[in-house]
Amino acid sequence: MAAAVTRRARRFPPVGGGPEAGPCGGAMRAVVLLWLLLPGLAALEPLSVGLAIGVASALTGYLSHPSFYCSYVECCPGSGHRLNATALREQLDGRLFGQHLAKEVVLRAVTGFSNNPSPKKPLTLSLHGWAGTGKNFLSQLLARHVHPAGLRSKFVHLFLATLHFPHPQRVPLYQEQLQNWIRGNVSACAHSVFIFDEMDKMHQGLIDAIKPFLDYYEQVDGVSYRKAIFIFLSNAGGDLINKAALDFWTSGKRREDIQLKDLEPMLSVGVFNNKNSGLWHSSLIDRNLIDYFVPLLPLEHKHVKMCVRAEMIARGHEVDEKVVQAVADEMTYFPKETRIYSDKGCKTVQAKLDIHEDIAKAVD
Amino acid sequence: MEEGSIAPSPCWCHLQSFSCGLAVNLFAGDCELWSVKSSFTVRIFSHLVSRVVVRAVRGFLSNAQAKKPLALSLHGWTGTGKNFVSRIIAESIYKRGLKSNYVHQFVATLHFPHAHSINLYKDQLQSWIRGNVSICPRSIFIFDEMDKMHAGLIDAIKPFLDYYELLDGVSYRQAIFIFLSNAGAEKITEVALDFWRNGKAREDIQLTDMQNALSVSVFNNRNSGFWHSTLIDRNLIDYFVPFLPLEYKHVKMCVRVEIESRGYAVDEDILSRVADEMTYFPREERIYSDKGCKTVDAKLDYYYDL
């Protein structure tokens, strides 16, 4: 540092001419270059220069316009962007099995929210259900419809309680970080999607930190959160849902007859009072900031078979009913006497398929 | 088995992808293509293990769209071959086997000794797994002595075993996690003894007989690293693999293999003597070897003292 200063002092004041190293030498070089180009400048005349500048600015304007570069780089969807409801319905019908309630609720909620030019608060969905019923699957499907890249998108954020917020003693730090993260990302893209998984493992009170963003404010510190989507996934309430589904079954009613109104009130209170729920006594429910409680019903034997078939098709193999039956039979079911609902939903189907397909091939 | 051409190449190949792509024949000696070696079926004396593990690993490796990383839980009596099998799995994927940079082995009593530092271990383990899988998606993680691992430490890696497409920009769907444990060994022995006492053949023991009993007993066993862990709760373990205790004839097979690998001539007399020297349980029937095949090579040294 000192050597550079003395070097500069030595060359000050600047000496004209000659190629030298240092800042004044650079200026000399520029002057020399300009002097060499002087004859070339005589070729310039207003018309061609004007034309060149015009073309250059038009090109720049075109290249920097979103409609061009958004086909190469991911962009935040504009305010005029609408969700393709038919595509979403098709995907839900074809890939989510056994969840007539969840499908209806989610479809209506998301389409209504997307078609509303000025929503009053961000969309907040709370998905509850037993393991393997499709909560993560549904949330990823949704995210993919809002942002085509799905979880890989810059604007979709997934938080896991056990991974991102592991230590209870650091909750104040997590609160601050979470608020900054949400604020920053929503100001970058109003249509951000935030997915919070394992809400039953999340520290009570951590979720209170984001309550201000979910509320009916027009703006919070200059940022509007009204177009964002928040999805909470949790196992809490899963046992209540299972009980309700079982009651329906034992009273002989059809699964498709279960209505949201049968489940919603019981769910909200059950989750609120459950000490293990991340939403325990949280003001999220207090202030009715959750727009929709979406219950996911436990999966039956026939739904497990649908999962197996879908997996076989996805792998490009042809569907062998014997293998499908074998895999579905190998899963464990509850309750112990009636054995209706799969313990793990559709989880571990892939693994069992590997073994049974191999056996089938060996037999053939 | 047919070389799996659909699955992505092992991490070694990423560094020299050109050689692993077209010019495979030129560098045939260096680039390891997928293959689950036949040594599996030859040297594992348990029909259950070879059946399950070969199919599981092969199916997983050839599935280009795996929805979650492969999680195997190997349970069994000491000396029945759990570490051996994990070594074979590692060697069939990476040429250098356990010495590969992409195979990571954790021993509970060695790497996570102090109960009070568990938060530190959790952070370190998560960072280690995240870092290594982002470098090499097809990493293998082997956790030994799971029955000694602190309940709850394993919960730290639960997120990586789940069905997520992406976690903080890293996909864990191609990784392999292997858990080795002695927990459940009593249950396995119980089932095997029942079969023996009822006169049924050992080969008739089916996986389904074992799997459910195993899963529940491991879950409820206070000494199991899985005790009330969300790994079983969430059904993140793909396969519970039981290792049956070894009988007298299997011990003799072990001795024979050891002698052959040393290049000596097989002497049946010495075989019987070494096998007889091992201790067996239960006390009345004396069917199963206490230590499996462990200490066999030491005993052999005594007889082949040249």
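Each chain has its residues counted from 1, following the order in which its sequence is written. Chain letters and ligand numbers both follow the written order, the letters beginning at A and the numbers at 1. It should be noted that, the model being predicted, local features are given only for residues of pLDDT at least 70 and side-chain atom pairs only at 80 or more, the latter also being counted only at that level, while totals for whole chains, interfaces and linings use all residues. Excluding hydrogens and water, the side-chain values take into account all heavy atoms of the structure.

Visitor: Would you mind going over the UniProt feature "domain: Torsin-1A C-terminal" (unreviewed entry) in chain B with me for this structure?
Guide: The UniProt record marks residues 246–303 of chain B with the feature "domain: Torsin-1A C-terminal" (unreviewed entry), using the residue numbering of this structure. Under the scheme used here, helices are H or I runs from DSSP no shorter than 4 residues and strands are E runs no shorter than 2 residues, and both carry numbers assigned from the N terminus. Overall, residues 246–303 of chain B shows 57% helix and 7% strand. The separation of its end C-alpha atoms is 22 Å. UniProt positions are given in the numbering used here, feature names are shortened, and annotations may be inferred rather than shown by experiment.

Visitor: I would appreciate a short explanation of empty space enclosed by the protein in the present structure.
Guide: To find leftover empty space, a probe the size of one water molecule is rolled over the atoms. Within this scheme a cavity is a closed region of a 1 Å grid, computed over the protein atoms alone, that accommodates a 1.4 Å probe without allowing it to escape, whereas a pocket is open but has protein on both sides within 12 Å along at least five of seven lines; lining residues each have an atom within 4 Å of a point. Grid points are joined across faces, edges and corners, and a volume is the space filled by probe spheres set on the points. Per the counting criterion, the structure on display carries 4 cavities of 30 Å³ or more. When residues of the lining of the largest cavity are traced back to their parent elements, those giving at least two are helix H16 (349–363) of chain A together with helix H4 (47–62) of chain B. Looking at which element gives the most residues to the lining of the largest cavity, the answer is H16(A), with 3 residues. Put simply, Ala, Val, Leu, Ile, Met, Phe, Trp, Tyr, Cys and Pro go in the nonpolar bin, Asp, Glu, Lys and Arg in the charged bin, and everything else, Gly too, in the polar bin. Along the lines of polarity and charge, the residues of the lining of the largest cavity split into 6 nonpolar, 3 polar and 4 charged.

Visitor: I tried to follow the sheet that holds strand S3 (residues 193–197) of chain A on my own but got confused; where do I start?
Guide: Hydrogen bonds between backbone groups are what pair the strands of a sheet, and the pairing can be parallel or antiparallel. Residue and element names in this part refer to chain A. What makes two strands pair is DSSP finding at least two bridges between them. Strand order in the open sheet formed by 5 strands is S2-S3-S4-S1-S5, with parallel pairing between adjacent strands. What marks the edges here is a single partner per strand, and that holds for strand S2 (156–160) and strand S5 (292–296). When strand polarity is set aside, the average angle formed by the axes of neighbouring strands in this sheet is 15 degrees. As defined by bridge partners, S2 adjoins S3 across 5 bridges and the pair is classed as parallel. By the bridge assignment for S3, Val-156 is matched with Val-193. Contacts from helix H6 (residues 100–115) reach strand S1 (123–129), strand S4 (229–234) and S5 within the one sheet, and its direction differs from that of S5 by about 150 degrees. The criterion used for residue contact is that any of the two residues' heavy atoms lie within 4.5 Å. Under this scheme, a helix contributes an axis fitted over its contacting stretch, all axes are lines through C-alpha atoms, and angles between N-to-C directions fall in the 0 to 180 degree range. Against the sheet, helix H7 (residues 135–146) contacts S1, S2, S3, S4 and S5, and its axis sits at roughly 165 degrees relative to S4.

Visitor: Whenever I open this one, the UniProt feature "binding site: ATP" (unreviewed entry) in chain A confuses me. Can you help?
Guide: All names here are of chain A. Here, UniProt's "binding site: ATP" (unreviewed entry) annotation points to Gly-129, Trp-130, Ala-131, Gly-132, Thr-133, Gly-134, Lys-135 and Asn-136. Checking the annotated residues one by one, the ones that line the second largest pocket turn out to be Ala-131, Gly-132, Thr-133, Gly-134, Lys-135 and Asn-136. Position of Gly-132 relative to the elements: it lies in the loop between S1 and H7. Relative accessibility under 20% of the residue-type maximum defines a buried residue, over 50% an exposed one, and the middle range a partly exposed one, all with a 1.4 Å probe and only protein chains included. Residue classification places Gly-132 among the buried residues on the basis of a relative accessible area of 17%. Among all residues touching Gly-132, those that are not within four sequence positions of it are Leu-299, Lys-344, Gly-345, Cys-346 and Lys-347. Along the chain, Lys-135 turns up in helix H7. Using a relative accessible area of 8% as the deciding quantity, one classes Lys-135 as buried. Filtering out sequence-adjacent residues up to four positions away, Lys-135 remains in contact with Leu-127, His-128, Gly-129, Trp-130, Leu-233, Ser-234, Asn-235 and Leu-296.

Visitor: Looking at this structure, I do not really get the environment of Arg255(A). What am I missing?
Guide: All names here are of chain A. Residue position: Arg-255 is located in the loop between helix H11 (238–250) and helix H12 (260–273). The buried category is assigned to Arg-255, whose relative accessible area is 10%. Arg-255 sits 155 residues away from His-100 along the chain, and the two C-alpha atoms are 8.8 Å apart. Residues contacting Arg-255, with those up to four places away along its chain left out, are Gly-98, His-100, Leu-297, Pro-298, Leu-299, Glu-300, His-303 and Tyr-341.

Visitor: What exactly am I supposed to notice about the environment of Val107(B) here?
Guide: Locating Val107(B) in the fold gives a position in strand S2 (residues 103–107). It is 17 Å that separates the C-alpha atoms of Val107(B) and Ile176(B), two residues lying 69 residues apart in sequence.

Visitor: Explain the nonpolar core to me, please; I cannot follow it from the model alone.
Guide: In summary, soluble globular proteins display a tendency toward joint burial of nonpolar side chains. By size, the foremost hydrophobic cluster in this structure holds 73 residues, and its most contacted members are Ile195(A), Ile129(B), Phe143(B), Ile157(B), Phe177(B) and Phe179(B). For this core, the leading source of residues is H6(A), giving 8 residues. Setting aside chain neighbours within four positions, we find Phe143(B) in contact with Phe106(B), Leu125(B), Ile129(B), Met149(B), Ile154(B), Ile157(B), Phe177(B), Ile178(B), Phe179(B) and Leu180(B). Definition used in this section: a nonpolar core is a set of buried Ala, Val, Leu, Ile, Met, Phe, Trp, Tyr and Cys residues joined via side-chain atoms within 4.5 Å. Residues Leu72(B), Tyr239(B), Phe243(B) and Tyr288(B) belong to the second largest nonpolar core, which totals 42 residues.

Visitor: Is there a simple way to explain the state of the cysteines in this structure?
Guide: Such a bond, covalent and formed between the sulfur atoms of two cysteines, is termed a disulfide. Cysteine sulfur atoms are paired as a disulfide whenever they fall within 2.5 Å. Enumeration according to the criterion identifies 4 disulfides over all chains in this entry. Shown here is the disulfide that connects Cys70(A) with Cys75(A), its sulfur atoms set 1.9 Å apart. Linking Cys70(A) and Cys75(A), the disulfide has an S-S dihedral of approximately -100 degrees and is accordingly described as left-handed. You can call Cys75(A) partly exposed: its relative accessible area is 22%. Paired through a disulfide, Cys254(B) and Cys293(B) show a sulfur-sulfur distance of 1.7 Å. An S-S torsion of about 90 degrees defines the bridge between Cys254(B) and Cys293(B) as right-handed. One end of the pair, Cys254(B), is in helix H12 (residues 248–262); the other, Cys293(B), is in the loop between strand S7 (288–289) and helix H14 (296–303), with 39 residues separating them in the sequence. With respect to class, Cys254(B) is no different from Cys293(B); both count as buried.

Visitor: Could you clarify how one ought to interpret the packing of H12(B) against helix H13 (residues 268–277) of chain B in this entry?
Guide: In helix packing, the relevant descriptors are the interaxial angle and the interaxial distance, both defined with respect to the helix axes. All names here are of chain B. The N-to-C vectors of H12 and H13 enclose an angle of 125 degrees; their axes lie 9 Å apart at closest approach. The pairing of H12 with H13 is recorded here as oblique in orientation. The hand of the H12/H13 crossing is right-handed. Only Glu-268, Leu-271, Ser-272, Val-274, Ala-275 and Asp-276 of H13 make contact with H12, whose side of the interface consists of Tyr-248, Val-251, Lys-252, Val-255 and Arg-256. The class makeup of the residues in the contact of H12 with H13 is 6 nonpolar, 1 polar and 4 charged. In these notes the angle categories are as follows: under 35 degrees is roughly parallel, over 145 is roughly antiparallel, 65 to 115 is roughly perpendicular, and the rest is oblique. Helix crossings fall into two classes, left-handed where the near helix is turned counterclockwise from the far one by less than a right angle and right-handed where it is turned clockwise.

Visitor: Even after reading the chapter, I still don't get the interface of chain B and chain A, so can you show me in this structure?
Guide: Often the size quoted for an interface is simply the accessible area lost on bringing the parts together. Of the residues lining the interface, 33 residues belong to chain B; the matching set on chain A comes to 34 residues. Throughout, buried area stands for the accessible area (probe radius 1.4 Å) lost by two parts on being put together, summed over both. Around 2,900 Å² of area is buried between chain B and chain A when both sides are counted, 47% of it from carbon and sulfur atoms. For this analysis, a salt bridge means a side-chain nitrogen from Lys or Arg found within 4 Å of a carboxyl oxygen belonging to Asp or Glu. Put simply, chain B and chain A have 5 salt bridges between them. Residue Lys347(A) pairs with Asp162(B) through a salt bridge whose shortest N-O separation is 3.6 Å. We define a polar contact as two N or O atoms separated by no more than 3.5 Å, with the added condition that, inside protein, one atom must be a possible hydrogen donor and the other a possible acceptor, whereas residues neighbouring each other in sequence contribute only through side-chain atom pairs. Connecting chain B to chain A are 9 residue pairs in polar contact (both at pLDDT 80 or more). When residues of the side of chain B that touches chain A are assigned to their parent elements, the largest contribution, 6 residues, is made by H4(B). The residue inventory of the side of chain B that touches chain A, partitioned by class, reads 12 nonpolar, 10 polar and 11 charged.

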